[in-house]
There are 2 protein chains.
Amino acid sequence: MANSASGDSVVDRVVRVIEAFPEGVTSLQLTELADRAGLPLSSAHRLVRQLSQHGLLDLGAGGTVRLGLRLWELVNRNSPTLALRQAAMPFMEDIQQVLNQNVNLAVLDGWEALFVERLSRRGSVANRARIAGRMPVHISSAGLALMSHQSREVQAEYLEQFEDPSGKVTAQAVRHFLAEAAQQGYAQLAGVVDPDTWGIAVPVVNGKRRTVAALGVVVPLAEMRLQALVPALQTAARGIGRQLGD
Amino acid sequence: MANSASGDSVVDRVVRVIEAFPEGVTSLQLTELADRAGLPLSSAHRLVRQLSQHGLLDLGAGGTVRLGLRLWELVNRNSPTLALRQAAMPFMEDIQQVLNQNVNLAVLDGWEALFVERLSRRGSVANRARIAGRMPVHISSAGLALMSHQSREVQAEYLEQFEDPSGKVTAQAVRHFLAEAAQQGYAQLAGVVDPDTWGIAVPVVNGKRRTVAALGVVVPLAEMRLQALVPALQTAARGIGRQLGD
DNA sequence: ACACGTTCTACCATTGAATGGAAGGTGCTG
DNA sequence: CAGCACCTTCCATTCAATGGTAGAACGTGT
């Protein structure tokens, strides 16, 4: 036995270590980390120590492993979402001020909407969809808005593989939603995430006519005023797109 | 010549690649990246390709390298600042609502304050750009608030190495500021970052009496009302500390 | 149209850095 | 105090990582 009995490179292992943290978990014991990453304890230990010397991980006393502050800093300084967030924030704040609703910004990654930024409704305490959270395309208005503006090929590929584990939604239904969203210029979805809420999202299109994000709000059913919301969102989305350039 | 002519490990190199992005730069050409990371082009190319296969980097056509969406997601989901931000956000929103000022949250890293979250003043153009930004301890109220609550040893070590490149501030002056902040329970600093603004920050103390963050506001000189601001900040800071537990 | 510079990508023989089992700490629990 | 669970260190073995070289794909100035 020698270099990597399992046939994986060092890079593979570094990635597995970082990916080993389950969602929302910030701290892991060394043994558990090694287990989750599928690495021999001594190898995991060596890797973690090396990474923590550079500040990407934080190896505390007693084998407690956390992601490093330096990693957080580097990623949040240089992430490609940075320009998007900077362009979008003023408009998101406007929406929040004027409509007083939860505002969110998402991008498409695979067949899921990845939420990049969120402003919560004034006065509200709890907060469902989190920053860096994901939602399948077919159960989020943001996801539908994004997918409805993808090329025919991408949409076909998406519908091809579509399968709803709960069995509540058919590919046919999703196709219908997407067509509707494409035609109307916005996507809406009622009571899916939470029975008493309504989601509305519009695409954000950059200078090259590429759909790069979706801007959306989540409103209580009782306060649903489509006529007021959609134009506000579309105006903001155009403003963001203009800022983006590209 | 063989494994690493320069005597650095693979982990070292991965770190250098991620660190190669200058602040605010989200996209780098492969050649420039190799240059900045101090790696032979072919090695950089191999590493980047491997990392991008896992989604930590994004190697686009023409050798354009960006940080990967997956990396952003993983870090923002599992970062140790997550609990802090979640605990602090409601209180920061309260402050923003009541005082209508720029609110920020920082932690101490080395001899600098690292800004973890920021809410901008209503109506102002969002300067959210400064999330993940750093400020030296001696020119930020947050930094002073954090340092004033560190142990004697840490403070001594800090003052020992202190040197102001601009020569405007002496170690003696900083010592004075820290003592004052420790005694008063808050730190203030006028017109340093911006000649017309005043910074005030208070420490956030967790259940174990450890100072884990600083909560601060930046107000225009004209609107300076210390009597109103400090109690509000201190109340919020206590609330955050209670949420944190630990 | 052509030559030149620049940048990305692929190949592959060489070799020392990475590996992981085993053994030695450390701290907790019954 | 024995037993367990976990962290940490050591070191001989060996194959994965390395980087010079060469070719492909641009773009640019003449």
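All figures in this text were calculated on a predicted structure; none of them were measured in a lab. (Residues numbered from 1 in each chain as written. Chains lettered and ligands numbered in written order. Predicted model: local features only at pLDDT ≥ 70, side-chain atom pairs only at ≥ 80, totals over all residues. Heavy atoms only, no water.)

**Focus: unusual backbone geometry**
Stage number 1. For Asn100 of chain A, which is not a glycine, the phi torsion comes out positive at approximately 50 degrees.
Stage number 2. Summarising the element assignment, Asn100 of chain A is placed in the loop between helix 5 (81-99) and strand 4 (102-109). (Helix = DSSP H or I, 4+ residues; strand = E, 2+ residues; numbered from the N terminus.)

**Describing the pairing of strand 9 (residues 211-220) of chain A**
Every regular strand shows the same layout, with side chains that alternate between the two sheet faces.
Residue and element names in this part refer to chain A.
Stage number 1. Burial analysis of strand 9 places seven of its ten residues in the buried class, the great majority of the element.
Stage number 2. One ladder, built from nine bridges, connects strand 8 (residues 197-205) with strand 9; its direction is antiparallel. Bridge pairing links Pro203 to Ala214 in strand 9.
Stage number 3. The hairpin turn running from strand 8 into strand 9, its antiparallel successor, is five residues long, and Arg209 in that turn takes a positive phi close to 65 degrees. (Buried < 20%, exposed > 50% of the residue type's maximum accessible area, 1.4 Å probe, protein only. Pairing = 2+ DSSP bridges.)

**Things to note about the interface of chain A and chain B**
Stage number 1. The interface of chain A with chain B comprises 53 residues on the first partner and 54 residues on the second.
Stage number 2. A buried area of about 5000 Å², summed over both sides, lies between chain A and chain B, and 64% of it is on carbon and sulfur atoms.
Stage number 3. By the criterion of area lost to chain B, the three top residues of chain A are Leu69, Trp72 and Asn78 of chain A, representing 15% of everything that side buries.
Stage number 4. At the junction of chain A with chain B, the criterion picks out six salt bridges.
Stage number 5. For the pair chain A and chain B, the interface holds 15 residue pairs in polar contact (both at pLDDT 80 or more). (Contact = heavy atoms within 4.5 Å. Buried area = accessible area lost by both parts, 1.4 Å probe. Salt bridge = Lys/Arg side-chain N within 4 Å of Asp/Glu carboxyl O. Polar contact = N/O pair within 3.5 Å; in protein donor to acceptor, adjacent residues only side chain to side chain.)

**Structural notes on the relation of the copies chain A and chain B**
Stage number 1. Superposing chain A onto chain B takes a rotation of 180 degrees combined with a translation of 0.0 Å along the rotation axis, leaving an RMSD of 0.1 Å. What the rotation and shift describe, once combined, is the action of a two-fold rotation axis. Taking C-alpha positions as the reference, the residue of chain A nearest the rotation axis is Val10 of chain A, at 3.4 Å.
Stage number 2. Interface overlap between copies: 92% of the residues of chain A at the interface are likewise at the interface in chain B, consistent with a symmetric, same-surface contact. (Least-squares fit on C-alpha atoms with pLDDT ≥ 70 in both.)

**Considering the sheet that holds strand 6 (residues 134-136) of chain A**
Residues and elements named next belong to chain A.
Stage number 1. Strand order in this open sheet of six strands is 6-5-4-9-8-7, and the pairing throughout is antiparallel. Both outer strands of the open sheet, strand 6 and strand 7 (187-190), are each paired with one neighbouring strand and no more. Recorded for the sheet is a direction-independent mean angle of 30 degrees between the axes of neighbouring strands.
Stage number 2. Relative to strand 6, strand 5 (residues 112-119) runs antiparallel, the two being bridged by three bridges. Note that in strand 6 the partner of Glu112 across the bridge is Pro136.
Stage number 3. Against the sheet, helix 5 engages strand 4, strand 5 and strand 9, with an angle of about 55 degrees to strand 5. (Axes fitted to C-alpha atoms, helices over the stretch in contact; angles between N-to-C directions.)

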